[in-house]
Amino acid sequence: MSHAISRRLLVAAAAGSALALSFASSAYAEVKLSFLVDNAPATVKASEALAAAFHAKNPDITIEVESRAAGGEGDNIVKTRLATGEMTDVFMYNAGSLFHALNPQQNMLDLTDEPYQSDIMDIFKSVVSESGHVYGAPFQTAMGGGVFYNKKVYAALGLQVPKTWADFMKNNETIKAKGGVTPVIQTFKDTWTSQLFMLGDFYNVLQAVPDFPQKYTANQIKYATTPAALRGFEHQAEVFKAGLLNEDFGSASYDDGLRMVSKGEGAHYPMLTFAIGNINENYKDYINDVGFFALPGDDAAKNGLTAWMANGIYGYAQTEHPDEVKKFIAFVASKEGCDTQTQAVGAIGPYMTKSCTLPADVPPAVKDLVAYFAEGGKNAPALEFLSPVKGPALEQITVEIGSGIRAPLDGAKLYDDDVRKQALQLGLPGWE
Amino acid sequence: MTTLGKKGSRRGLAAAYPTWFYLPAAIIFGVLFLFPTFASLFFSLTRWTLFQYSFIGLANFRQFFSEPFLVWGLVNTLIYAVVTSGSKVVLGMLLGILLTSNVMVRGLLRAIVFFPVLVSTIGVGITFTMLMHPTNGLINDVVAVFGLKGPAWLTDPRFALMSVAFVDVWKGVGLATVIYIAGIVSIPAEYYEAAKMDGANALQRFWNITLPLARPATVTVIILSLIGGLRSFDLIWAMTKGGPGFTTDVVASVIYKQYQAGFYGLSTAGNVVLFVLVAAIVVPLSFALNRKEVEA
């Protein structure tokens, strides 16, 4: 028995919202749209470039970019603003499991019949759809979860890009034996960065257990009892145990990690490839020293990449200007929108709009990434795009495993308990 | 209705203002305090996504108490509260005695010990996070001067909670000191003179005069700092976010993370539990401490 809460009651209850009287557009012909994005420098830069380019084309519509925290805090801001009826006209948010938690059918504009949809890749549409309706368009690019490596370090030691976990560990031993360079960088001050060994290993899980996502959603398979799924946790523990980490792994930040891998202070940094944008921003001079490879599994023949879809851009269902909102979203999803983003932050990865192309002279890490998406390349979506079940405590669990506080099997069990709450909250069958 | 009539007649005698005069305050109280309190009790019994809710009885409480990190969080909360509260009592008392003596520039020293209280908790947390950085923090740089290697204060699970507790004490001891100064100053000087004549030494004077007569101050400091310690969150969040992993999680940070994850019903249930927990510890304690005071 589910009750919808009357929006009016909620608004009345939230004391703060009483103060937030709408000072909306006082202009007559001109329309102002607000656009909420996360505060990653590359995102803000791309968003502002899009807003400016769109305004140049449509002088009567102004887009105001507003930024919010990223990660869990950002999720909360988005959910709270939707619940209290204070969302911006347009907003960016994740696709996949997090998208479903926003109750799209109630909160977002239906974009199913927009003319540009035929130009959007089906795989992206599948992760921003619910009950056959499409609610989002792609913003920014697809990403890979894998390992950044310093090409200069590799060249100096004559190392090859590893295709198996054993090769990866062998490379690490060589780097460690030589000394002076940290083999594997970990940055637990920003706890979310600790999840890559586990989340980025999902391509390998899928090779061993192809129906893992369906069974996982239906509460029929567990991380702790599936050896292939447990592997990611085990790898992380192995790296710690072998003493391959930077000394300050517990206090280092995401930006420290990017600095270390860019400047060659460290050799490997497991990360999502959107970080290329931040490297480009903060360590531009070193961007050509950074390469990328997928997290290797057990079998070299089955080497492939765990891929993250692009973020979505969504229209708020309660907006006063739905037509203008749709026009702006169409612009973001168009080839012109892609080019505007490339110009602003550089080429970071493949776009989800079919007609979009990347310039020829992309940085090496992007070239490495795009190869996994090109003909003959192998990739599979991360679990969060195939199942709505994702536990919120994963980043703390992986910090513990990666710091040697908790054993991998124990951590996997804890994570299995953790996802149960999410499944119950979403009301999935088979979890009560 | 009958009780209301009875109360009404009693109020009629005692009331200083007509009923309408109470109305504005009553409305504010109802909207901002009563309604949220009962709403949160209600939502703690539901699975709530902010967009819709379904009534699930006590399942949230069952879930909350079966959280693997909750027991850990409870233990940490108690350790943290007792350690910070105890240190503030001892240090506050000692500093109070020092700063009521005829020490030079007493006013300035009193101000200095109170300064950390005035600084924003988040600011203090961020500053100490930098000072306690394992490889380029000032604290370990100083330790290195003596040829030693300092630990990772905030990321080694053995030290993290105590490191935060230390900062909490540093920040909060000023308030305890001020309370003690007020308590000690109000003790009549005659007692000390009489004790001196009877040949009591400094330790005896402290033990038999200052300590018992500063009891109201001690009670205030214990209760204030214990409540503060039990519901402490901001400093821990600023410094460790409950980490590494779950090792410095306290009840409040467990609740916050549940809220962050979108488990609104569950985290509301957690807040109800925290409320009951604080009440269950502080009410009897306050009762016991105050009763002894009357007996003494």
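Residues numbered from 1 in each chain as written. Chains lettered and ligands numbered in written order. Predicted model: local features only at pLDDT ≥ 70, side-chain atom pairs only at ≥ 80, totals over all residues.

Residues and elements named next belong to chain A. Taken domain by domain, chain A comprises domain 1 (24-142 + 310-359) and domain 2 (143-307 + 369-426). Each of domain 1 and domain 2 was reduced to a C-alpha centroid, and the two centroids are 28 Å apart. In this assembly, 18 residues from domain 1 lie in contact with 21 residues from domain 2. For the side of domain 1 that touches domain 2, the secondary-structure elements that each account for two or more residues are helix 3 (41-57), helix 4 (71-83) and helix 5 (97-100). For the side of domain 1 that touches domain 2, a count of residues per class yields 10 nonpolar, eight polar and no charged. (Domains from an automatic or database assignment. Contact = placed C-beta atoms within 7 Å. Helix = DSSP H or I, 4+ residues; strand = E, 2+ residues; numbered from the N terminus. Nonpolar A, V, L, I, M, F, W, Y, C, P; charged D, E, K, R; others polar.)

Time to look at the interface of chain A and chain B. The partner chain B presents 31 residues to the 36 residues of chain A that form the contact. Elements represented by at least two residues in the side of chain A that touches chain B include exactly strand 1 (2-4), helix 4, helix 19 (394-402) and helix 20 (408-426) of chain A. With seven residues, helix 4 of chain A is the single largest residue contributor to the side of chain A that touches chain B. For the side of chain A that touches chain B, the per-class residue count stands at 14 nonpolar, 13 polar and nine charged.

Any two packed helices are characterised by the angle at which their axes cross and by the distance between the axes. Residues and elements named next belong to chain B. Orientation of helix 4 (residues 68-100) relative to helix 8 (residues 160-185), taken along the N-to-C sense of each, is 40°, at an axis distance of 6 Å. Looking at the two axes, helix 4 sits oblique to helix 8. Handedness of the helix 4/helix 8 crossing: right-handed. (Axes fitted to C-alpha atoms, helices over the stretch in contact; angles between N-to-C directions. Parallel < 35°, antiparallel > 145°, perpendicular 65-115°, else oblique. Left-handed = near helix turned anticlockwise from the far one by under 90°.)

To continue, consider helix 4 of chain A. Since the α-helix packs 3.6 residues into each turn, any two residues three or four apart lie on the same face. Residues and elements named next belong to chain A. With 13 residues, helix 4 extends 19 Å from end C-alpha to end C-alpha; this agrees with the ideal 18 Å at 1.5 Å per step. Among the residues making up helix 4, those that are buried are G74, D75, V78, K79, L82 and A83. In an axial view of helix 4, the angular spread of the buried residues amounts to 165°, which keeps them on one side of the axis. Once helix 4 finishes, G85 follows within two positions and takes phi at roughly 75°, a positive value. (Expected span 1.5 Å × (residues − 1). Buried ≥ 20, exposed ≤ 12 C-beta atoms within 10 Å, placed from the backbone. Arc of directions from axis to C-beta.)

Before going further, it helps to examine the pairing of strand 3 (residues 61-68) of chain A. Residue and element names in this part refer to chain A. Summarising the sheet, strand 2 (residues 31-38) and strand 3 pair through eight bridges and their orientation is parallel. Residue pairing for strand 3: V37 is matched across the bridge by S67. Once you follow strand 2 into helix 3 and on to strand 3, the crossover reads as right-handed. (Pairing = 2+ DSSP bridges. Right-handed = clockwise from strand over helix to strand, strands pointing away.)

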